[in-house]
Amino acid sequence: MAVLEIKQTRVNVFDTEAELISGLADRFCDLAKECIAARNSFSVSLSGGNTPKGLYELLAQPEYAKRVDWSKVRLFLGDERCVAHDHQDSNFGMIKKALISHVNIPADNVYATQGQEKDPEASARAYEESMRKAFDIYDGTPQFDLMLLGLGPDGHTASLFPNSPALGQKEKLFVANYVQQFQAHRLTTSLPVINNSRNIIFLVAGSAKASIVGDIFRSETKKYPAQLVQPKSGKLEWYMDRAAATNLSGG
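Residues numbered from 1 in each chain as written. Predicted model: local features only at pLDDT ≥ 70, side-chain atom pairs only at ≥ 80, totals over all residues. Heavy atoms only, no water.

### Thoughts on the packing of aromatic side chains
Using the following cut-off: The rule is short: rings of Phe, Tyr and Trp, with Trp giving its six-membered ring, pair when the centres are within 6.5 Å, and they are stacked under 30 degrees, edge-to-face over 60, tilted in between. Labels follow the DSSP assignment, with helices taken as runs of H or I lasting at least four residues and strands as runs of E lasting at least two, numbered in each case from the N terminus. Only protein chains enter the calculation, and the probe is 1.4 Å; a residue is then buried if its accessible area is under 20% of its type maximum, exposed if over 50%, and partly exposed in between.
On inspection of all chains with the given rule, the structure shows eleven aromatic pairs. A centroid spacing of 4.2 Å and a plane angle of 15 degrees characterise the contact between phenylalanine 202 and tryptophan 238, whose relative ring orientation is stacked. Placement of the pair is phenylalanine 202 in strand E9 (residues 199-204) and tryptophan 238 in strand E10 (residues 235-241), with a sequence separation of 36 residues. Each of the two residues, phenylalanine 202 as well as tryptophan 238, counts as buried. Three or more aromatic residues joined by ring pairs form one cluster here, namely Phe76, Tyr111, Phe135 and Phe144.

Printed below as a string of structure tokens:
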């Protein structure tokens with residue numbers, strides 16, 4: 001693994017995607033132990049996508065699963081598509097199949113959206129309410145221990161797409177975001193919640209992401225949603241493989 005410091009951001013670069021996934025699985029387990037020791041819980045917001053799927057499948061393996069006290073872990077969705085959970089595009093469906101169904105986590109510690117395929121706005125409001133109850137806050141912003149994010153080829157993260165309405169959201173925690181390119185709603189965590197996290201980690205793999213990764217780190221203007229991820233007081237890290245880091249200095 002190579003460690004780069006770019007614009008005061010730690011970038012962890014692994015030779016292969018398999019090593020990347022293993023390295024982040026170790027980081028997940030270490031963070032879980034640290035946070036549970038400090039606060040008796042580990043609150044995590046998970047990303048969808050193929051690369052995170054590999055991470056979840058590895059965390060479900062006995063050698064990793066036994067390193068985490070899953071009874072103290074709370075799992076949330078960073079974003080969701082407006083489909084039923086048994087649909088092939090559902091982030092929750094993927095996470096349940098890859099991870100949740102294989103570890104001993106209490107059902108009450110798993111926070112899934114409901115009814116988004118019928119009424120995205122109502123689903124977003126209900127999920128925000130469940131988030132507030134979980135963190136025992138009725139105003140203010142929850143603080144996740146870990147916010148895991150992916151990166152799209154257009155610079156989107158979670159379901160915060162370029163020029164989409166949710167980018168300007170200051171008050172709501174979780175919103176139905178209309179995405180013009182899909183002519184459909186997505187459900188997403190808002191930037192204030194993301195940026196209030198104790199640890200934010202971008203997970204990026206593959207040569208197809210090299211161009212956007214390079215542009216994000218070179219650009220001085222905030223033209224991509226991923227560039228708006230700027231933690232208030234927490235730690236921001238990137239985990240990527242060598243192929244995704246091709247356009248970074250030292251990558």
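### Observations concerning the sheet that holds strand E2 (residues 9-14)
For sheets, the rule is that strands pair by backbone hydrogen bonds, running either parallel or antiparallel. Stated precisely, the cut-off is as follows: Pairing between strands requires that DSSP locate at least two bridges from one strand to the other. Here the axes come from fitting lines to C-alpha atoms, over the contacting stretch only for helices, and the angles between their N-to-C directions go from 0 to 180 degrees. Throughout, a contact is declared for two residues whenever any of their heavy atoms are within 4.5 Å.
Strands sit in the order E1-E2-E10-E9-E6-E3-E4 across an open sheet of seven strands; the sheet is mixed. Two strands close off the open sheet at either side, each with one partner strand: strand E1 (2-6) and strand E4 (73-77). Taking each pair of neighbouring strands and ignoring which way they run, the sheet shows an average axis angle of 20 degrees. Sheet topology note: the strand E3 (residues 42-46)/strand E6 (residues 146-149) ladder contains two bridges and is parallel. Looking at E6, one finds that valine 44 is bridged to leucine 146. Taken strand by strand, helix H7 (residues 210-218) contacts E1, E2, E9 and E10, and its axis lies near 150 degrees from that of E10.

### Quick look at the pairing of E10
Heads up, the rule is: Crossovers are marked right-handed if the path from the first strand over the helix to the second runs clockwise, as seen with the strands pointing away from the viewer.
The element E10 is largely enclosed, with a buried count of six among its seven residues. Bridge analysis of E2 against E10 gives five bridges, and the strand direction is parallel. Opposite valine 11, over in E10, you have tryptophan 238 as the bridge partner. Inspection of the sheet shows E9 paired to E10 by six bridges, in the parallel sense. What sits directly across from isoleucine 200, in E10, is leucine 236. Handedness of the crossover joining E9 and E10 through H7 is recorded here as right-handed.

### Structural notes on the layout of surface pockets
Note the cut-off: Whether a set of points on the 1 Å grid over the protein atoms alone is a cavity depends on a 1.4 Å probe fitting there but being unable to get out, while an open set qualifies as a pocket with protein on both sides within 12 Å along at least five of seven lines; lining residues are those with an atom within 4 Å of a point. Grid points are joined across faces, edges and corners, and a volume is the space filled by probe spheres set on the points. Lys, Arg, Asp and Glu make up the charged group, whereas Ala, Val, Leu, Ile, Met, Phe, Trp, Tyr, Cys and Pro make up the nonpolar group; the residues left over, Gly among them, are polar.
Of the volumes computed, that of the largest pocket is approximately 690 Å³. At the level of secondary structure, the elements contributing two or more residues to the lining of the largest pocket comprise helix H2 (50-59), strand E5 (79-81), helix H4 (91-98) and E9. Grouping the amino acids of the lining of the largest pocket by side-chain chemistry returns eleven nonpolar, 14 polar and eight charged. If you add up the space inside the second largest pocket, you get close to 320 Å³. As for the second largest pocket, its lining consists of 16 residues, of which Thr9, Lys222, Gln227, Val229 and Leu236 are closest to the centre. Each residue belonging to the lining of the second largest pocket can be placed in one class, and the counts come to seven nonpolar, six polar and three charged.

### A few points about the side chain of arginine 186
We apply this condition: For the purpose of counting charges, residues Lys and Arg are taken to be positive, whereas Asp and Glu are taken to be negative. His and the chain ends are not included. Any Lys or Arg side-chain nitrogen located within 4 Å of an Asp or Glu carboxyl oxygen qualifies as a salt bridge. Polar contacts, as used here, are pairs of N or O atoms within 3.5 Å; protein pairs need one atom able to donate a hydrogen and one able to accept it. Residues neighboring in sequence count only if both atoms are side-chain atoms.
Take arginine 186: it is sitting in strand E8 (residues 184-189). Lacking a salt bridge, the buried arginine 186 has aspartate 79 as its closest oppositely charged neighbour, with an N-O distance of 4.6 Å. Here the side chain of arginine 186 touches serine 159 through a polar contact of 3.4 Å, side chain to side chain. Leaving out residues up to four positions away in the same chain, arginine 186 has contacts with Glu80, Arg81, Cys82, Ser159, Phe161, Val175, Ala176, Asn177 and Val179.

### Quick look at the side chain of serine 45
In this fold, serine 45 is placed in strand E3. With relative accessibility at 1%, the residue serine 45 sits in the buried group. At 3.3 Å, the side chain of serine 45 and the backbone nitrogen of glycine 78 are in polar contact. Excluding anything up to four places from it in sequence, serine 45 contacts Phe76, Leu77, Gly78, Phe144, Leu146, Met147, Leu148 and Thr189.

### Things to note about the pattern of salt bridges
The final tally for this structure, using the stated rule, is eleven salt bridges. Residue arginine 10 is joined to glutamate 237 by a salt bridge in which the shortest nitrogen-to-oxygen separation is 3.3 Å. Taken together, the residues span a long stretch of sequence, with arginine 10 in strand E2 and glutamate 237 in strand E10 at a distance of 227 residues. Accessibility expressed as a relative area gives 3% for glutamate 237, which makes it buried. Members of the salt-bridge network, linked through shared partners, are Arg10, Arg27 and Glu237.

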